[in-house]
Amino acid sequence: MTLESGYIRSGAAEIYYEETGQGRPVLFAHAGVADRRMWDPQFADPVTGHRFIRSDMRGFGKSEWVAESYSPHSDLLAVIDALRLDEIILVGCSMGGRAVLEIAVSIPGRIAGLIVIGTGTPGWEPPDGWYMPPEYEGSEEIFKAGEWRKAAEIDARVWGVGVGRTWEQTNQEFLQRLIEMDLKPVTTEYERNDHMSWMEPPIAGRLDEIRVPTVVVVGEHDLPDIMAGTEHLAGLLSDQPLVVMPASAHLPSMEHPEVFNPLLESWLGRFSAG
């Protein structure tokens, strides 16, 4: 895999990015417990005719944390503008999915399509309420004590293993890679949350502004409120039912690329044809 890379200024932060391939741009935005490397299985063999781009959000991977007011979508927009991207297909997972939804509303004329993974509907309340993973009970003390590996292992149980299966039933190499990526962002999670903002009013009230082909994906072991939120999102944005990927939780594209990648190639072909 040959990658070009660099840094792009957003506010006071330097956002690290990588790209490979040529053609229509596809911008990948990572989850809040990972970094750009969660897309390694996709970047290992980019779809012909497409330019794959990924970046690390500030405080993740090679993008250092800078304490200032910011929004994830504005950092992504800085990458889009610096690289002069147009007719973009956005692929976002979890927090990255929320960011690409906000991008789609902010610059609708430059977006060709969306693939949103493990992302609920920001501003929409699940009928059964918000789910609190039991693994997070008492975890605040672990964060306060700076026990970062323990904190990352808890995240891996919640987001990597998910609901309805055990640690032992989940691919161990995948879980260890997830922990390794999460070790950096857990150290600034509380501070980042104090400085981070999202679009107001929330995206739930602006979904009618998104009028490009959209695919919504979720892993069958994701949290109940996210399952409900993705189903709601798919019903409003997509012309096909919610895609539920088996044997995966919050990061299905990373956990099972052998299932996700053929779907990605098919979706990109559809968007390109459109």
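Preceding this section is the structure that the text describes.
Here the structure is a predicted model, which means the values were calculated and not measured. (Residues numbered from 1 in each chain as written. Predicted model: local features only at pLDDT ≥ 70, side-chain atom pairs only at ≥ 80, totals over all residues. Heavy atoms only, no water.)

**A few points about the overall build of the protein chain**
Step number 1: For the protein chain, the count of helices and strands is 10 helices and 8 strands.
Step number 2: At 17 Å, the protein chain has a C-alpha radius of gyration in line with the 19 Å of a compact globule built from 274 residues.
Step number 3: Dimensions of the protein chain, computed from C-alpha atoms along their principal axes, come out at roughly 50 × 40 × 40 Å.
Step number 4: When burial is assessed residue by residue, the protein chain has 55% of its 274 residues classed as buried.
Step number 5: Looking at the protein chain alone, contacts between residues at least 24 apart form 74% of all its contacts between residues at least 6 apart.
Step number 6: Between the centroid of the 22 positive side chains of the protein chain and the centroid of its 42 negative side chains there is a distance of 6 Å. (Helix = DSSP H or I, 4+ residues; strand = E, 2+ residues; numbered from the N terminus. Rg over C-alpha atoms; globule rule 2.2 N^0.38 Å. Buried < 20%, exposed > 50% of the residue type's maximum accessible area, 1.4 Å probe, protein only. Contact = heavy atoms within 4.5 Å. Lys, Arg positive; Asp, Glu negative; His and termini not counted. Charge placed at Lys NZ, Arg CZ, Asp CG, Glu CD.)

**Some remarks on the side chain of serine 248**
Step number 1: As for its placement among the helices and strands, serine 248 is situated in the loop between β8 (243-245) and α9 (252-255).
Step number 2: Looking at serine 248, the relative accessible area reads 0%, which means it is buried.
Step number 3: Once residues within four sequence positions are removed from consideration, serine 248 is found in contact with Arg165, Gly219, Glu220, His221, Asp222, Glu255 and His256.

**A few points about the pairing of strand β1 (residues 4-10)**
Step number 1: As defined by bridge partners, β1 adjoins strand β2 (residues 13-21) across 7 bridges and the pair is classed as antiparallel. The residue bridging serine 5 from the neighbouring strand is glutamate 18, located in β2.
Step number 2: Count of turn residues in the β1/β2 antiparallel hairpin: 2 residues, of which glycine 11 carries a positive phi of about 65°. (Pairing = 2+ DSSP bridges.)

**Observations concerning the packing of aromatic side chains**
Step number 1: What the rule picks out here adds up to 9 aromatic pairs.
Step number 2: Aromatic ring contacts, followed pair by pair, group Phe28, Trp39, Phe43 and Phe52 into a single cluster.
Step number 3: Here the basic side chain of arginine 54 rests over the ring of phenylalanine 43, its NZ or CZ set 4.3 Å away from the ring centre. (Phe/Tyr/Trp six-rings, centres within 6.5 Å; stacked < 30°, edge-to-face > 60°. Lys NZ or Arg CZ within 6 Å of the ring centre and 35° of its normal.)

**Here's the deal with unusual backbone geometry**
Step number 1: Here the amide bond leading from glutamate 200 into proline 201 is cis, since omega sits at -5°, within 30 degrees of zero.
Step number 2: Unlike most non-glycine residues, arginine 84 shows phi in positive territory, near 55°.
Step number 3: Residue placement: arginine 84 occurs in the loop between α2 (72-82) and β5 (88-93).

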